[in-house]
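# Descriptive analysis of the structure
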Amino acid sequence: MTLSDLDRLLAERHSCRAFRPEPVPKDQIEQILTSASRAPSWCNAQPWNIVITSGAETDAFRKALQNEVTTGAPEPDLPFPTAYTGIYQERRRECGWALYEAVGVQRGDRAGSAKQMMENFALFGAPHCAIISSPKELGAYGAMDSGGFVMAFTLAAQALGVATIPQAAVASYGKFLHRYFDIPDDRLILCAISFGYSDADHPANGFRTDRADLDEIARWVG
Ligand SMILES: Cc1cc2nc3c(=O)[nH]c(=O)nc-3n(C[C@H](O)[C@H](O)[C@H](O)COP(=O)(O)O)c2cc1C
């Protein structure tokens, strides 16, 4: 494999916000998990644990989550960012606007943007959802290791033509997820990954995000 193969995979992967309903065969999900498990972790602790829904269980979860969002309050295990300022605020706005533009929500249309945001809790129509957790005692490093797992999961999936989207929005209902999936309280729920086959013609999948130039992210010493 060459760097250009990897670059192509990296460039093809994007966050999918509209899925077709067909399920991913279980052996392919197993392949994705096996490949993603090659992610490095401090002391090779492999702190990630994944609860994966399929079929009617995904639909039941989707319904229960949507109900929780309309009746309950967000209670994430990991504190959400306190602020996005400066360049981070700019990038956040840019990708938000790109999505809203793609789906025809005008700037300032709060009802329209809220409706699109709620698609998170419908799992964007995905047939599967993976809930990623890490032991509380491993703290930020367990979360960091699991971030590598999430990245590897998205790339392995992409290599099999399976589309993904990591979702902090789902993890914001952490307390509910612990109850619903019986995830012990000594684990931190980090994020979800909804996945399946892309509804490629859906407007929500009709934009791509940019990346900063190297001189914005790297400082050379020597
Ligand atoms: C940890 C994590 C959490 C994310 N949470 C959400 C989310 O809740 N909802 C959403 O629409 N996108 C979410 N995303 C997707 C990002 O918006 C997306 O990765 C970013 O805009 C770059 O676009 P790309 O993935 O298409 O390259 C998340 C991504 C990551 C890595």
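For the structure given in this document, a descriptive report is provided here.

What counts as what
Residues numbered from 1 in each chain as written. Predicted model: local features only at pLDDT ≥ 70, side-chain atom pairs only at ≥ 80, totals over all residues. Heavy atoms only, no water. Helix = DSSP H or I, 4+ residues; strand = E, 2+ residues; numbered from the N terminus. Rg over C-alpha atoms; globule rule 2.2 N^0.38 Å. Near = heavy atom within 4 Å. Polar contact = N/O pair within 3.5 Å; in protein donor to acceptor, adjacent residues only side chain to side chain. Areas by Shrake-Rupley, 256 points an atom, 1.4 Å probe, with all protein chains shown as cover. Nonpolar A, V, L, I, M, F, W, Y, C, P; charged D, E, K, R; others polar. Phe/Tyr/Trp six-rings, centres within 6.5 Å; stacked < 30°, edge-to-face > 60°. Buried < 20%, exposed > 50% of the residue type's maximum accessible area, 1.4 Å probe, protein only. Contact = heavy atoms within 4.5 Å. Salt bridge = Lys/Arg side-chain N within 4 Å of Asp/Glu carboxyl O.

All right, on to the overall build of the chain then. A count of helical and extended segments in the chain gives nine helices and five strands. Along its sequence from the N terminus, the chain presents helices and strands in the succession α-β-α-β-α-α-α-β-α-β-α-α-β-α. Radius of gyration (C-alpha) of the chain: 18 Å, near the 17 Å computed for a compact globule of 222 residues. With the principal axes as the frame, the chain shows a C-alpha extent of 55 × 45 × 35 Å.

Lining the immediate environment of the ligand, one finds 14 residues, of which Arg13, Ser15, Asn120, Ala168 and Arg211 sit closest. Here a nitrogen atom of the ligand and a backbone polar atom of Pro166 are 3.2 Å apart. One nitrogen or oxygen atom from the main chain of Ala169 is found 2.9 Å from an oxygen atom belonging to the ligand. Taken by itself the ligand offers 620 Å² of open surface, and the protein chains cover 67% of this. Of all the secondary-structure elements, those providing two or more residues to the shell around the ligand are β4 (163–167) and α7 (168–171). Take the shell around the ligand: its biggest share by element is three residues, from β4. Considering only residue class, the shell around the ligand consists of six nonpolar, five polar and three charged.

Now for the packing of aromatic side chains. Scanning the model with the defined rule gives 10 aromatic pairs in all. A centroid spacing of 6.5 Å and a plane angle of 10° characterise the contact between Phe61 and Phe176, whose relative ring orientation is stacked. Separated by 115 residues along the polypeptide, Phe61 in helix α3 (residues 55–71) and Phe176 in helix α8 (residues 174–181) bring together distant segments of the chain. Its relative accessible area of 8% is what places Phe176 among the buried residues. Geometrically, the ring pair formed by Phe176 and Tyr180 is tilted, given 5.5 Å between the ring centres and 40° between the ring planes. One end of the pair is Phe176 and the other is Tyr180, both in helix α8 and four residues apart, which spans about a single turn.

Our focus in this paragraph is the environment of Pro127. Inspection of the secondary structure assignment puts Pro127 in the loop between α5 (110–118) and β3 (128–135). With relative accessibility at 8%, the residue Pro127 sits in the buried group. Separated by 34 residues in the primary sequence, Pro127 and Gly161 have C-alpha atoms spaced 15 Å apart. The contact partners of Pro127, leaving out residues within four places of it in the chain, are Phe19, Arg20, Pro21, Glu22, Pro23, Thr53, Ser54, Gly55, Thr58, Phe195 and Gly196.

Once that is clear, we can look at the pattern of salt bridges. Tallying each qualifying case throughout the model produces seven salt bridges. A salt bridge links Arg8 to Asp5, with the nearest nitrogen and oxygen atoms 4.0 Å apart. Taken together, the positions of Arg8 and Asp5, both in helix α1 (residues 3–12) and three residues apart, correspond to about one turn of that helix. Exposure remark for Asp5: the relative accessible area of 30% places this residue in the partly exposed category. Arg62 is the partner of Asp59 in a salt bridge, and the nearest nitrogen-oxygen pair spans 2.6 Å. Of the two residues, Asp59 and Arg62 both sit in helix α3, three residues apart, roughly one turn of that helix. Relative accessible area serves as the criterion here: at 44%, Asp59 is assigned to the partly exposed category.

Let us now look at α8. For α8, the full list of buried residues reads Gly174, Phe176, Leu177, His178 and Phe181. Buried residues along α8 sit in contact with β2 (49–53), α3, β3, α7 and β5 (187–198). Downstream of α8 by a residue or two, Asp182 has a phi angle that is positive, lying close to 55°.

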